[in-house]
Amino acid sequence: PETAAEETEKEKSGKDKSGKKAETTAETTAEPVEPDITGLPVYAVIKKGETFDRYRCSTLEFDAFRVEKGHRQYSARAGALYDYSGETLIMFPRSSIADVFEIPAFTLAIDESAFEGARLVEIYPDAELKYVSNRAFAGCAALTKITLGDSVEFVGDEAFSGCAALTSLVIGASCRVIGAGVADGCASLAYVRVNADIFTIKTREGEIPFSDTPWYTETDREFLTLGALLIKYTGRGGEVIIDFSVK
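In this text, all values refer to a predicted model and were calculated from it rather than measured experimentally.

Student: So what exactly am I meant to see when it comes to the pattern of salt bridges here?
Tutor: Inspection of the entire model under this criterion finds seven salt bridges. With a shortest N-O distance of 2.5 Å, Arg204 and Glu158 are connected by a salt bridge. With Arg204 in the loop between strand 15 (200-201) and helix 3 (214-217) and Glu158 in the loop between strand 11 (154-155) and strand 12 (168-171), the pair connects residues that are 46 residues apart, well separated along the chain. In this structure Arg204 comes out as partly exposed when scored by relative accessible area, which is 36%. One salt bridge connects Arg204 with Asp184, and the closest N-O pair in it is separated by 3.4 Å. Of this pair, Arg204 sits in the loop between strand 15 and helix 3 while Asp184 sits in the loop between strand 13 (177-178) and strand 14 (191-194), and the two are 20 residues apart along the sequence. Three or more residues are tied together by salt bridges with common partners; here these are Glu116, Arg135, Glu158, Asp184, Arg204 and Glu207.

Now the structure itself:
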């Protein structure tokens, strides 16, 4: 404890007995300033031990996923939710303001409805992507074009249904199966190219693949093909020589 004399000396000099300048606290009546949070990202945080709820997340407004450290089931990459291994993209945030998304490297699969309803204009898949699940990009109303590279082997049912602005769809050389209703509601799709010798396009009863698209309805090609499949013949001649690409 300081003596009365030491206290008096400290008050005069403004220093304590160790020679250090005494700290003073000034009272203020100013109102605290609220931080400006405009423009800061809103995260959907999946805490350690929690299970992902797809329905709940699809109804919330947020910009990116964040997974608590130590979670053994999920991970987050580039704002999207992945499985723990980082190979399957489970869900992209519906309310993200981003208009372009490059799918991170080493992504092998896009889960069912992973991008459904997203606001993206362009999506660039990773070169190693193999599987595009059912409704993976359904309802991406602003999406204008997409190219699935030569590593993609499977495209699921209704994968691009409801993509009203989609004008171009390219599928690479390894694809062997395209699902039913893959382009339902794609009213702007004018360019479709499948590089593979694909033999399987799944259809529902009475369904003609891509029949609702301008690519199908407005074609001037005699043989409209997808890979090895003849989709439509528009010729008028009595003798027909089948195009060499049709198998």
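Student: Help me understand the environment of Glu68, please; the structure alone is not making it clear to me.
Tutor: In this fold, Glu68 is placed in the loop between strand 2 (64-67) and strand 3 (74-77). Residue Glu68 is classed as partly exposed on the basis of its relative accessible area, which comes to 36%. Each C-alpha atom, one on Glu68 and one on Glu50, is 9.5 Å from the other, the two residues being 18 residues apart in sequence. Every residue in contact with Glu68, bar those within four places of it in the chain, is listed here: Ile46, Lys47 and Lys48.

Student: For this particular structure, what's the right way to read the nonpolar core?
Tutor: Nonpolar side chains in soluble globular proteins tend to end up buried together. Formed by 45 residues in total, the largest nonpolar core has its most connected members in Phe115, Phe137, Val155, Phe160 and Phe210. Mapped onto this core, the elements with two or more residues apiece are strand 4 (80-83), strand 10 (145-148), strand 12, strand 14, helix 3 and strand 16 (223-226). Those residues in contact with Phe137 that lie beyond four places of it in its chain are Ile110, Phe115, Ile123, Val132, Ile146, Ala159, Phe160 and Cys163.

Student: Teacher, can you tell me more about a nonpolar patch on the surface here?
Tutor: A cluster of nonpolar side chains, namely Leu230, Tyr233, Val240 and Ile242, defines an oily patch on the protein surface of about 310 Å² accessible area. Position of Leu230 among the secondary structure elements: in strand 17 (residues 229-233). According to the relative accessible area criterion, Leu230 is partly exposed, its value standing at 34%.

Student: What am I meant to see in the sheet that holds strand 5 (residues 88-91) here?
Tutor: As a general point, the strands of a sheet are linked pairwise by backbone hydrogen bonds and lie either parallel or antiparallel. Strand order in the open sheet made by the eight strands is 3-4-5-7-9-11-13-15, with mixed pairing throughout. A single partner strand is all that each edge strand has here, and the edge strands are strand 3 and strand 15.

Student: Looking at this structure, I do not really get the state of the cysteines. What am I missing?
Tutor: Here is the idea: a disulfide is a covalent bond, and it sits between the sulfur atoms of two cysteines. Tallied over the full model, the rule gives zero disulfides. With no disulfide of its own, Cys163 lies closest to Cys140 among cysteine sulfurs, the gap being 5.1 Å. Looking at the unpaired Cys186, the closest cysteine sulfur is the one in Cys163, lying at 5.2 Å.

Student: What exactly am I supposed to notice about unusual backbone geometry here?
Tutor: Unlike most non-glycine residues, Ser113 shows phi in positive territory, near 60°. A relative accessible area of 12% places Ser113 in the buried class. The backbone of Phe210 shows a phi angle near 65°, a positive value even though the residue is not glycine. The residue Phe210 is located in the loop between strand 15 and helix 3 in this model.

Student: Help me understand the packing of aromatic side chains, please; the structure alone is not making it clear to me.
Tutor: The geometry of an aromatic ring pair is captured by two quantities: the separation of the ring centres and the angle between the planes. Scanning the model with the defined rule gives seven aromatic pairs in all. Ring geometry for Phe223 and Tyr233: centres 5.3 Å apart, planes at 45°, overall tilted. Taken together, the positions of Phe223 in strand 16 and Tyr233 in strand 17 put the pair 10 residues apart, joining distant regions of the chain. Look at Tyr233 and you get partly exposed, because its relative accessible area is 31%. One aromatic cluster is present, formed by Phe92, Phe101, Phe115, Phe137 and Phe160 through successive ring pairs.

Student: Looking at this model, I keep getting lost on the side chain of Thr225. Mind explaining?
Tutor: The residue Thr225 is located in strand 16 in this model. A relative accessible area of 14% places Thr225 in the buried class. Of the polar contacts made by the side chain of Thr225, one reaches the side chain of Arg221; its length is 3.5 Å. When residues no more than four places from it in sequence are discounted, the contact partners of Thr225 are Trp215, Leu230, Ile231, Ser245 and Val246.

Procedures and definitions
- Residues numbered from 1 in each chain as written.
- Predicted model: local features only at pLDDT ≥ 70, side-chain atom pairs only at ≥ 80, totals over all residues.
- Heavy atoms only, no water.
- Salt bridge = Lys/Arg side-chain N within 4 Å of Asp/Glu carboxyl O.
- Helix = DSSP H or I, 4+ residues; strand = E, 2+ residues; numbered from the N terminus.
- Buried < 20%, exposed > 50% of the residue type's maximum accessible area, 1.4 Å probe, protein only.
- Contact = heavy atoms within 4.5 Å.
- Core = buried A, V, L, I, M, F, W, Y, C linked by side-chain atoms within 4.5 Å.
- Patch = residues over 30% accessible without salt bridge, like charges linked within 9 Å, V, L, I, M, F, W, Y side chains within 5 Å.
- Areas by Shrake-Rupley, 256 points an atom, 1.4 Å probe, with all protein chains shown as cover.
- Pairing = 2+ DSSP bridges.
- Disulfide = S-S within 2.5 Å.
- Phe/Tyr/Trp six-rings, centres within 6.5 Å; stacked < 30°, edge-to-face > 60°.
- Polar contact = N/O pair within 3.5 Å; in protein donor to acceptor, adjacent residues only side chain to side chain.

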